[in-house]
Amino acid sequence: MGENKEYMIHPEELGCIHISEEVLASIAAGAVADVEGIGGLMNVSPKKSGARGVRLALEDDGAVIDLYVMIRYGYAIPEVSGKLQSGVSAAIESMTGFAVKAVNVHVGGVTFQ
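The model shown is predicted, which means the values in this text are computed figures rather than measured ones.

Chemist: Whenever I open this one, the pattern of salt bridges confuses me. Can you help?
Modeler: Pairing between side chains of opposite charge can happen when the charged atoms of each approach one another. One pass over the structure, following the stated rule, counts three salt bridges. For Glu-59, the salt bridge identified is with Lys-101, shortest N-O distance 2.7 Å. Placement of Glu-59 in strand S4 (residues 54–59) and of Lys-101 in strand S6 (residues 100–111) is noted, with a sequence separation of 42 residues between them. For Lys-101, a relative accessible area of 47% gives the class partly exposed. Here Lys-83 ties to Glu-79 by a salt bridge, and the two come within 3.4 Å at their closest N and O atoms. Of this pair, Lys-83 and Glu-79 both sit in helix H2 (residues 77–96), separated by four residues, roughly a single helical turn. Here Lys-83 falls in the partly exposed class, since its relative accessible area comes to 44%. Because the salt bridges share partners, they merge into one network encompassing Glu-59, Asp-61 and Lys-101.

Chemist: I'm lost on a nonpolar patch on the surface in this one. Help?
Modeler: A cluster of nonpolar side chains, Tyr-73, Ile-77, Val-107, Val-110 and Phe-112, forms an exposed patch at the surface whose accessible area comes to about 520 Å². Positionally, Phe-112 belongs in the segment after S6.

Chemist: What should I look at first to understand H2 in this one?
Modeler: In an α-helix there are 3.6 residues to a turn, and that puts residues three or four apart on one side. An ideal rise of 1.5 Å per residue puts 28 Å on 20 residues; H2 measures up with 28 Å between its terminal C-alpha atoms. Within the sequence span of H2, burial applies to Val-80, Ser-81, Leu-84, Val-88, Ser-89, Ala-91, Ile-92 and Thr-96. One face of H2 carries all of its buried residues, which in axial projection span an arc of 160°. Of the exposed residues in H2, the ones pointing more than 90 degrees away from its buried face are Pro-78 and Ser-94. Elements that come into contact with the buried residues of H2 comprise strand S1 (7–12), strand S2 (15–20), helix H1 (21–33), strand S3 (38–41), strand S5 (62–72) and S6.

What counts as what
Residues numbered from 1 in each chain as written. Predicted model: local features only at pLDDT ≥ 70, side-chain atom pairs only at ≥ 80, totals over all residues. Heavy atoms only, no water. Salt bridge = Lys/Arg side-chain N within 4 Å of Asp/Glu carboxyl O. Helix = DSSP H or I, 4+ residues; strand = E, 2+ residues; numbered from the N terminus. Buried < 20%, exposed > 50% of the residue type's maximum accessible area, 1.4 Å probe, protein only. Patch = residues over 30% accessible without salt bridge, like charges linked within 9 Å, V, L, I, M, F, W, Y side chains within 5 Å. Areas by Shrake-Rupley, 256 points an atom, 1.4 Å probe, with all protein chains shown as cover. Expected span 1.5 Å × (residues − 1). Arc of directions from axis to C-beta. Contact = heavy atoms within 4.5 Å.

Set out below in structure tokens:
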């Protein structure tokens, strides 16, 4: 496995499952795309992750996910952000079996498209 990557490790009876941070970031980005009212992910230079607009911190008690998004004009920012938090958390937990400690939403702008 790559030296520069962090992996979440899920011990199983027959061995361990290693899931890279890029996979978690991709799952999060896919879940963001499913939420109505999102204008897109923002270009931020990630500390760690393979997806634009997604930063991850892997901790012992779960993943902390930071999302950097644009909201479409006319949508309620708190409502869309809440849907993002629950959608991303559910996607990560259901696809990987790992806990999500927090999903932080950073709204960087409004888009009119």
